[in-house]
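# Chains, contacts and geometry: an overview
So the chains spell out like this:
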Amino acid sequence: MEWSLENVREMVAGGMQSIRECEICAFAIAMCVLLLFMWYCYRVGREHGSSPLRGRYLSGPSRIGGVVGGFMSSDCRNRGKGKQGSMLEEQNGFAFCQSSECFRCTSAGESLNQKLYHSLQDYAKRYTWSGMGRVHKGVRDQGRYLNSRPTIQRPEVFFLPDLPSAPFFSREVQRHDVELLEQSFPALMAEFESIYHQPPARSGSSLPPGWKSNNTPRGQWWTYYLVNQGTPLVLNVRRCPRAWRVLGQLRTFIANNVFGNACFSVLTPGALITEHYGPTNVRLRCHLGLRVPPSCELVVGGEPQCWSEGSCLLFDDSFLHRAFHEGGAEDGPRVVFMVDLWHPNVAAAERQALDYIFTPGRLEDKEGK
């Protein structure tokens with residue numbers, strides 16, 4: 001091959017043409033990948049929504065009923081279940097769960113395990129099995145996990161295996177949300193005062209609108225729910241716009257499944273919440289102290305802790321726990337703002353799958369199919 005200026009020009013021109021053709025192919029491939037990604041985001045967005053709480057309280061009170069206080073007592077189990085459960089929205093006095101949509105009151109055992117597995121399969125078909133190792137293991141062996149757990153930690157509904165556990169957690173594990181809640185202390189306190197000092201909702205009741213009284217052996221335990229088992233309570237949310245905005249800013253609030261709750265919780269002097277277990281180990285319960293008189297204590301897994309006004313306390317309520325207020329009438333009530341946050345070791349893919357499996361009403365729908 002003779003090297004000449006003409007030959008060099010031809011080689012350069014050929015190389016430039018090849019580069020242009022490659023650029024066109026690469027651009028076309030990139031556009032296809034981008035379109036596929038946009039389609040995937042659209043599918044995920046339709047199912048989960050970009051903001052879990054945005055606008056949900058405007059959808060209507062179709063699923064207001066549920067376990068009061070997120071605590072299943074023997075009274076709750078023994079009461080009849082019916083469609084009238086949705087009528088509990090503004091009921092005061094001792095309100096017990098009567099809703100067929102209450103997740104923790106549905107029968108457990110093999111029936112629940114099968115529904116969980118079918119829901120996981122549906123999720124995997126629609127999305128992916130990637131990152132589902134622990135969730136699949138937990139769903140597959142759920143009965144064995146729940147029955148073989150030590151008595152100190154025994155979640156009632158779902159146990160995710162290989163998850164680090166402890167009765168109490170450092171505030172650092174959910175630092176952003178803890179700091180946001182503590183910074184919102186004045187606003188939350190003001191909102192509590194506004195809903196707590198309203199006149200009774202009806203004659204014969206001592207509770208203002210939206211408050212519910214829970215079953216306790218002594219004293220009074222009142223709760224005012226904004227989100228109950230993943231479902232916003234419409235009228236309560238409208239009365240607490242600032243608290244609702246705070247929930248919308250939390251990064252790890254469980255807003256899309258039945259394990260998520262948010263409420264104001266009041267213990268009167270002399271009250272005792274008896275020992276019980278939470279439904280799952282995938283969440284951490286966060287208490288922001290609003291009013292904390294002396295002689296109040298929370299005992300989780302045998303470890304006692306005291307609340308502090310303006311500070312958050314993180315604990316795993318799948319451990320056996322109880323709370324009490326042994327102060328006198330002059331001390332006033334103990335008040336906390338309670339929210340359920342994701343356990344820090346539950347991965348994003350696992351959270352998405354659990355949101356899908358435990359979407360409010362999903363397992364009940366499957367039972368009727």
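Residues numbered from 1 in each chain as written. Predicted model: local features only at pLDDT ≥ 70, side-chain atom pairs only at ≥ 80, totals over all residues. Heavy atoms only, no water.

In this structure, Leu181, Trp211, Leu247, Phe264 and Phe337 are the most contacted members of the largest nonpolar core, which totals 37 residues. Looking at this core, the elements that each hand over two or more residues are helix 6 (175-183), helix 7 (185-196), strand 3 (221-228), helix 9 (241-249), strand 5 (262-267), strand 7 (283-291), strand 10 (312-315) and strand 12 (334-342). In terms of residue count, the dominant contributor to this core is helix 7 (5 residues). Discounting residues that sit within four places of it in the chain, Phe337 has contacts with Leu181, Leu188, Leu226, Ala243, Leu247, Cys263, Phe264, Cys286, His287, Leu288 and Leu290. (Core = buried A, V, L, I, M, F, W, Y, C linked by side-chain atoms within 4.5 Å. Buried < 20%, exposed > 50% of the residue type's maximum accessible area, 1.4 Å probe, protein only. Helix = DSSP H or I, 4+ residues; strand = E, 2+ residues; numbered from the N terminus. Contact = heavy atoms within 4.5 Å.)

This part is about the sheet that holds strand 9 (residues 303-305). Judged by pairing direction, the sheet is antiparallel, and its 4 strands sit side by side in the order 6-11-8-9 without closing on themselves. Sheet topology places strand 6 (272-276) and strand 9 at the edges, where each strand pairs with a single neighbour. Strand-to-strand twist across the sheet, computed as the mean angle between neighbouring axes with direction ignored, equals 15°. As defined by bridge partners, strand 6 adjoins strand 11 (residues 321-325) across 3 bridges and the pair is classed as antiparallel. (Pairing = 2+ DSSP bridges. Axes fitted to C-alpha atoms, helices over the stretch in contact; angles between N-to-C directions.)

Moving on to helix 6. Residues of helix 6 that are buried: Asp177, Val178, Leu180, Leu181 and Glu182. Elements that come into contact with the buried residues of helix 6 comprise helix 7, helix 9, strand 7, strand 10 and strand 12.

Two numbers describe a pair of aromatic rings. These are the distance of the centres and the angle of the planes. For the structure on display, the rule yields 13 aromatic pairs. Between Phe192 and Trp211 the ring centres are 6.2 Å apart and the planes differ by 80°, which places this aromatic pair in the edge-to-face class. Of this pair, Phe192 sits in helix 7 while Trp211 is found in the loop between helix 7 and strand 2 (212-213), placing the two residues 19 residues apart along the sequence. As far as the burial class goes, Phe192 and Trp211 line up, both buried. Between Tyr196 and Trp211, the aromatic rings sit 5.7 Å apart at their centres with planes inclined by 70°, giving edge-to-face as the arrangement. Of the two residues, Tyr196 is situated in helix 7 and Trp211 in the loop between helix 7 and strand 2; the sequence distance between them amounts to 15 residues. Each member of the pair, Tyr196 as well as Trp211, is classed as buried. Of the aromatic side chains, those joined through ring pairs into one cluster are Phe192, Tyr196, Trp211, Trp222, Tyr224, Phe264 and Phe337. (Phe/Tyr/Trp six-rings, centres within 6.5 Å; stacked < 30°, edge-to-face > 60°.)

To continue, consider the pattern of salt bridges. Here the structure, examined in full by the defined rule, presents 13 salt bridges. For Arg242, the salt bridge identified is with Glu191, shortest N-O distance 3.4 Å. With Arg242 in helix 9 and Glu191 in helix 7, this pair connects stretches of sequence that are 51 residues apart. Classification of Arg242 as partly exposed rests on a relative accessible area of 35%. Arg285 is the partner of Asp317 in a salt bridge, and the nearest nitrogen-oxygen pair spans 3.8 Å. Here Asp317 is found in the loop between strand 10 and strand 11, whereas its partner Arg285 is found in strand 7, with 32 residues between them in sequence. Take Asp317: its relative accessible area is 1%, and that puts it in the buried class. Its relative accessible area of 6% is what places Arg285 among the buried residues. (Salt bridge = Lys/Arg side-chain N within 4 Å of Asp/Glu carboxyl O.)

Nothing here speaks to function; it is all geometry.
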